[in-house]
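Notes for the structure review
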Amino acid sequence: EYADEGPDAVISRTLGAALQGCLERREQVLVLLNRRGYATSVFCRQCGDAFECPNCSISLTVHRVRRGWRARCHYCNYSVDVPTSCHKCAAPYLEQAGFGTEKIEQQLRERFPDARVSRMDRDSVRRKGELTSLLSKFAAGEIDVLVGTQMIAKGHDFPGVTLVGVISADVGLGLA
């Protein structure tokens, strides 16, 4: 996929074709990616500096917010607005790398504009009752494609679901 479609290809051609078929048949789809957020990191293309949490020393995950972009630590919840230039060398060449459920949701909406796409992760169901409401809508067939983290993979029975796509399934194989 990377060789044929480029580095921004997140949804494989096989999964895209299967999704198209399900949507044409009015079937439901679950798409799992166990990483929330929009991008997994921000780095400077000039000096290579990566934005890390000052408390945990891990890459900050980029989230889309109403007023722009916010980088957040998923361990301690430290967050900061993503600047327009590098804090180390002042270069304006910041790049977001990787992807999370927010980016998957966006790409599915762009690729299948008529599909009713929703996202279920810790960021999208924060308030009391939101999780139950979202699952009820999916069970009632009001949502065609549900993108989410491991929250969508446990204990659900949706008879309308005929396809489950796992994005970057092989990434987890190399973890201890």
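The coordinates are above.
My aim in this report is to walk through the structure given alongside it, one point at a time. For clarity, every value in this text was computed on a predicted model and none was experimentally measured. (Residues numbered from 1 in each chain as written. Predicted model: local features only at pLDDT ≥ 70, side-chain atom pairs only at ≥ 80, totals over all residues. Heavy atoms only, no water.)

What to know about helix α4 (residues 130-139)
Inclusion rule: When accessible area is computed with a 1.4 Å probe and restricted to protein chains, residues below 20% of their type maximum are described as buried, those above 50% as exposed, and intermediate ones as partly exposed. Secondary structure elements follow DSSP: runs of H or I no shorter than four residues count as helices, runs of E no shorter than two count as strands, and numbering proceeds from the N terminus. Directions from the helix axis toward the C-beta atoms define the arc. Contacts are assigned to residue pairs with any non-hydrogen atoms lying within 4.5 Å of each other.
Taken residue by residue, α4 has Leu-134, Leu-135 and Phe-138 as its buried positions. Along the axis of α4, the buried positions cluster into a sector of 95°, meaning they face one direction only. Seen from the buried face of α4, the exposed residues on the opposite side, beyond 90 degrees, are Thr-132 and Ala-139. As for α4, its buried residues are in contact with β1 (28-32), β7 (117-120), β8 (145-148) and β9 (161-166). In the segment just after α4, Gly-141 is the residue with positive phi, at about 80°.

Details of the nonpolar core
Short version of the rule: What we call a nonpolar core is a set of buried Ala, Val, Leu, Ile, Met, Phe, Trp, Tyr and Cys residues that are connected through their side-chain atoms within 4.5 Å.
Grouped together as the largest cluster of nonpolar side chains are 18 residues, with contacts concentrated most on Leu-19, Val-31, Ile-104, Leu-108, Val-145 and Ile-167. At the level of secondary structure, the elements contributing two or more residues to this core comprise α2 (13-24), β1, α3 (101-111) and β8. At four residues, α2 tops the list of elements feeding residues into this core. Not counting residues within four places of it along the chain, the set of residues in contact with Ile-104 comprises Val-10, Val-31, Leu-33, Phe-99, Val-147 and Ile-167. Judged by nonpolar contacts, the second largest core, of 12 residues, contains Leu-30, Met-120, Leu-135 and Val-161.

Quick word on the sheet that holds strand β3 (residues 61-65)
Applied cut-off: When DSSP locates at least two bridges between a pair of strands, those strands are taken to pair. For helices, the fitted line uses only the C-alpha atoms of the stretch in contact; every axis is such a line through C-alpha atoms, and the angle between N-to-C directions lies from 0 to 180 degrees.
Within the open sheet, the three strands sit side by side as β3-β4-β5. Their pairing is antiparallel. The open sheet has two free edges, formed respectively by β3 and β5 (79-81), since each of these has just one partner strand. Between one strand axis and the next, the sheet turns by 30° as a mean value, whatever way the strands run. Of the strand pairs in this sheet, β3 and strand β4 (residues 68-72) are connected by five bridges, and their pairing is antiparallel. Residue pairing for β4: Arg-64 is matched across the bridge by Trp-69.

Comments concerning the environment of Leu-131
Examined against the element boundaries, Leu-131 turns out to sit in helix α4. According to the relative accessible area criterion, Leu-131 is partly exposed, its value standing at 33%. In sequence terms Leu-131 and Asp-121 are 10 residues apart; their C-alpha atoms lie 9.1 Å from each other.

Structural notes on the packing of aromatic side chains
Short version of the rule: Any pair of Phe, Tyr and Trp rings, taking the six-membered ring for Trp, is counted once the centres come within 6.5 Å. Such a pair is stacked with planes under 30 degrees apart, edge-to-face with planes over 60 apart, and tilted for the rest.
For the coordinates displayed, the defined rule picks out two aromatic pairs. The interplanar angle of 55° and the centroid separation of 4.8 Å between the aromatic rings of Tyr-38 and Trp-69 together place this pair among those described as tilted. Here Tyr-38, found in the loop between β1 and β2 (41-44), pairs with Trp-69, found in strand β4; they are 31 residues apart in sequence, far enough to count as distant. Residue classification places Tyr-38 among the buried positions, given a relative accessible area of 9%. By relative accessible area, which is 28% here, Trp-69 ends up partly exposed. For the ring pair Phe-138 and Phe-158, a centre distance of 4.8 Å and an interplane angle of 85° mean the geometry is edge-to-face.

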